[in-house]
Amino acid sequence: MKKFQAQPGFVVQAFRFALDPNAAQEHALRSHCGAARAAYNWAVGWVEASWWQRRAEESYGIPEADLTPWRPWSLPALRKAFNEAKHTDPRFCGWWEDNSKEAYSTGLANASAAFDNYAKSKRGKRKGRAVGMPRFKAKRKARLACRFTTGTIRVEAGGRHVTLPRLGAIRVHESTVKLLVRVQSGTARILSATVRHERGRWFVSFQTEVKRDLVRVARPDTAVGIDLGIKTLAVMADSAGEIREVPNPRHLATALTELRRASRVVSRRRGSDRRTGQKPSRRWEKANAARNRVHHRVANLREDALHQLTTSVAAEYGTVVIEDLNVAGMVKNRRLARHITDAGFGEIRRRLDYKVKRNGCRIVAADRWYPSSKTCSGCGVVKAKLPLHIRTFHCDVCGLVIDRDANAALNLAALSAAAVAGTAVGGDQGAQAPKPRGADRKTRTTRPRLTAGTGRAGGATLPHQRQQETRDRTQTEALTPW
């Protein structure tokens, strides 16, 4: 399926609002999200049924030509099969008409994408960690979400209600004027709407195509290097030599005392037990809700602080240089994992990527092995070693004495001149700083695995598909779980 491309001068932007549904509307929202989960589970079971059937037939000695045909997982094929099954399948025939067709389409689209990711991962065409077979979503763990792409999707004229298919007009907690004005003036067009339940509240997110003019930043000719840390959240040094520090708010550390107290109250109440079928008591539910409110407040405070930091940086500097941190590897340190995740290093990088692009600037990612802390910002000499507990940089050649983080920020700012310049209007988001010399890299020998992985379906190898396209095709040979 071809990816949507915004027309020139427009960008795809989301507008999210907190919903305030009544009891009947909340029941309908949960029903739509449950329908999406049920359709996803049906699609996963329907596709994998043919895989298991073929494996059983192979064990009987049936030749390849006589095996059960592969079932395709493209979205049109899943829609056609589901429309035939929903009238006779006892899991759907009694209630499928209560929800919008978009709810079931959401689950089928997610299942199709999950199988595509699994196929690409098996062929080595997908970046990142290996993706396993799609699994069934449990009712008690699945996220409540549903996406609407057709039907009546609009923001009401009063600015206090939104209208969604089969759900009608739902009141919102905050005004929707910022989107309503754009829609009425013709500078925005709503593409889809997604409802989601997170942090104890319902939210609706409108995906829109918005006309956005490039806003000139305050200092377009100035580059800034950002060094992230735990003691200080960010140390920013610009090309003019100015150094600023952003303190780490430590939202989770501040709330740990209250969180421990709330957790002890929950542990003293009678909770649920799946083995005996025991249901949680009313007091446990109240205590658990109070504990969740602490978590939600911490997440909201962290999100607001990171938005303020990244917005101010993107509105001031023309070039932003940031480190390519291995956050997934850093959190494996059990002594620092909680502090790193509380700071939100990965989220800062993600938000700077799109906010800098909006203002027509560029972002440069320094090489992961660049010794920003070990390099002297005065003479350029690289130290062999600089332990983490040493917070002050002393240069043995020129005698420079400077804070470790400030020295790293100055080195990052100096990389902007050597980085690859952007070619597009919004800058080259993939610009990489050149790899420096003199940086010692720690390497390790990769040991082969002693036991081969068997996978979820009992095998280690998969036959490759002959077709190049994985959507809207006749599937004669498909990936199998063995």
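For the structure, see preceding data.
Residues numbered from 1 in each chain as written. Predicted model: local features only at pLDDT ≥ 70, side-chain atom pairs only at ≥ 80, totals over all residues. Heavy atoms only, no water.

Q: Where do I start with the nonpolar core in this structure?
A: If you look at the biggest cluster of nonpolar residues, it comprises 50 residues, and the most contacted ones within it are Leu19, Val204 and Phe206. Looking at this core element by element, the count peaks at eleven residues for helix α1 (residues 23–59). Filtering out sequence-adjacent residues up to four positions away, Leu19 remains in contact with Leu29, Val162, Ile170, Arg171, Val172, His173, Val195, Trp202, Phe203 and Val204. In terms of nonpolar packing, the next biggest core, distinct from the first, is built from 24 residues, Leu228, Tyr317, Ile322 and Ile340 among them. (Core = buried A, V, L, I, M, F, W, Y, C linked by side-chain atoms within 4.5 Å. Buried < 20%, exposed > 50% of the residue type's maximum accessible area, 1.4 Å probe, protein only. Helix = DSSP H or I, 4+ residues; strand = E, 2+ residues; numbered from the N terminus. Contact = heavy atoms within 4.5 Å.)

Q: Looking at this structure, I do not really get the sheet that holds strand β2 (residues 145–148). What am I missing?
A: Backbone-to-backbone hydrogen bonds pair the strands of a sheet. The strands run either parallel or antiparallel. If you walk across this open sheet you meet the four strands as β1-β7-β6-β2, and the pairing is antiparallel. Two strands bound the open sheet, and with one partner strand each, they are β1 (10–18) and β2. Adjacent strand axes in the sheet meet at a mean angle of 20 degrees, parallel and antiparallel pairs treated alike. With respect to the sheet, helix α4 (residues 177–185) is in contact with β1, β6 (188–198) and β7 (201–211), its orientation differing from that of β1 by roughly 140 degrees. (Pairing = 2+ DSSP bridges. Axes fitted to C-alpha atoms, helices over the stretch in contact; angles between N-to-C directions.)

Q: Would you take a moment to explain the sheet that holds strand β4 (residues 161–164) for this structure?
A: Reading across from one edge, β3-β4-β5 is the order of the three strands in this open sheet, with antiparallel pairing throughout. This sheet does not close on itself; its edge strands, each paired only once, are β3 (154–155) and β5 (168–171). Alignment of β4 against β5, held across four bridges, turns out to be antiparallel. Paired with Leu164 across the bridge in β5 is Gly168.

Q: Would you mind going over helix α10 (residues 404–414) with me for this structure?
A: In an α-helix, one full turn covers 3.6 residues, which means residues spaced three or four apart are oriented alike. Most of α10 sits out of view: nine of its eleven residues are buried. Here α10 has its buried residues at Arg404, Asp405, Ala406, Asn407, Ala408, Ala409, Asn411, Leu412 and Ala413. By the N-cap criterion, in which a side-chain oxygen at the helix start approaches the backbone nitrogen of a residue two or three places on, α10 is capped by Asp403, the distance to Asp405 being 3.0 Å. (Polar contact = N/O pair within 3.5 Å; in protein donor to acceptor, adjacent residues only side chain to side chain.)

Q: What is the right way to look at the pattern of salt bridges in this model?
A: Note that side chains of opposite charge can pair when their charged atoms are close. Scanning the entire structure with this criterion turns up 21 salt bridges. A salt bridge links Arg275 to Asp273, with the shortest nitrogen-to-oxygen separation between them at 3.4 Å. Ionic pairing is found between Arg349 and Asp353, a salt bridge with its closest N-O pair at 3.7 Å. Here Asp353 and Arg349 lie together in helix α9 (residues 345–358), a separation of four residues that amounts to about one turn. (Salt bridge = Lys/Arg side-chain N within 4 Å of Asp/Glu carboxyl O.)

Q: Help me out: how do you make sense of the pairing of strand β10 (residues 243–247) in this one?
A: A regular strand places its side chains so that they alternate between the two faces of the sheet. Here strand β9 (residues 232–238) runs beside β10; their pairing, made up of five bridges, is antiparallel. When the bridges of β10 are listed, Val235 appears paired with Glu245.

Q: Got a minute to help me understand the packing of aromatic side chains in this structure?
A: The geometry of an aromatic ring pair is captured by two quantities: the separation of the ring centres and the angle between the planes. For the coordinates displayed, the defined rule picks out eleven aromatic pairs. Pairing Trp73 with Phe115 gives two aromatic rings, centres 5.6 Å apart and planes at 20 degrees, and the pair type is stacked. Highlighted residues: Trp73 in the loop between α1 and α2 (75–85) and Phe115 in helix α3 (residues 101–123), separated in sequence by 42 residues. Of the two residues, Trp73 and Phe115, neither departs from the other in class, the shared state being buried. Feature note: the residues Trp42, Trp46, Phe82, Phe92, Trp95 and Tyr104 constitute an aromatic cluster, connected by ring pairs. (Phe/Tyr/Trp six-rings, centres within 6.5 Å; stacked < 30°, edge-to-face > 60°.)

Q: I keep staring at the environment of His251 and nothing clicks. Help me out?
A: With respect to the helices, strands and loops of the structure, His251 is situated in helix α5 (residues 251–267). Here His251 falls in the buried class, since its relative accessible area comes to 16%. Considered as a pair, His251 and His339 are 88 residues apart in the sequence and their alpha carbons are 9.9 Å apart. When residues no more than four places from it in sequence are discounted, the contact partners of His251 are Val298, Leu301, Arg302, Ala305 and Asp342.

Bear in mind that shape data such as this cannot, by itself, settle questions of function.
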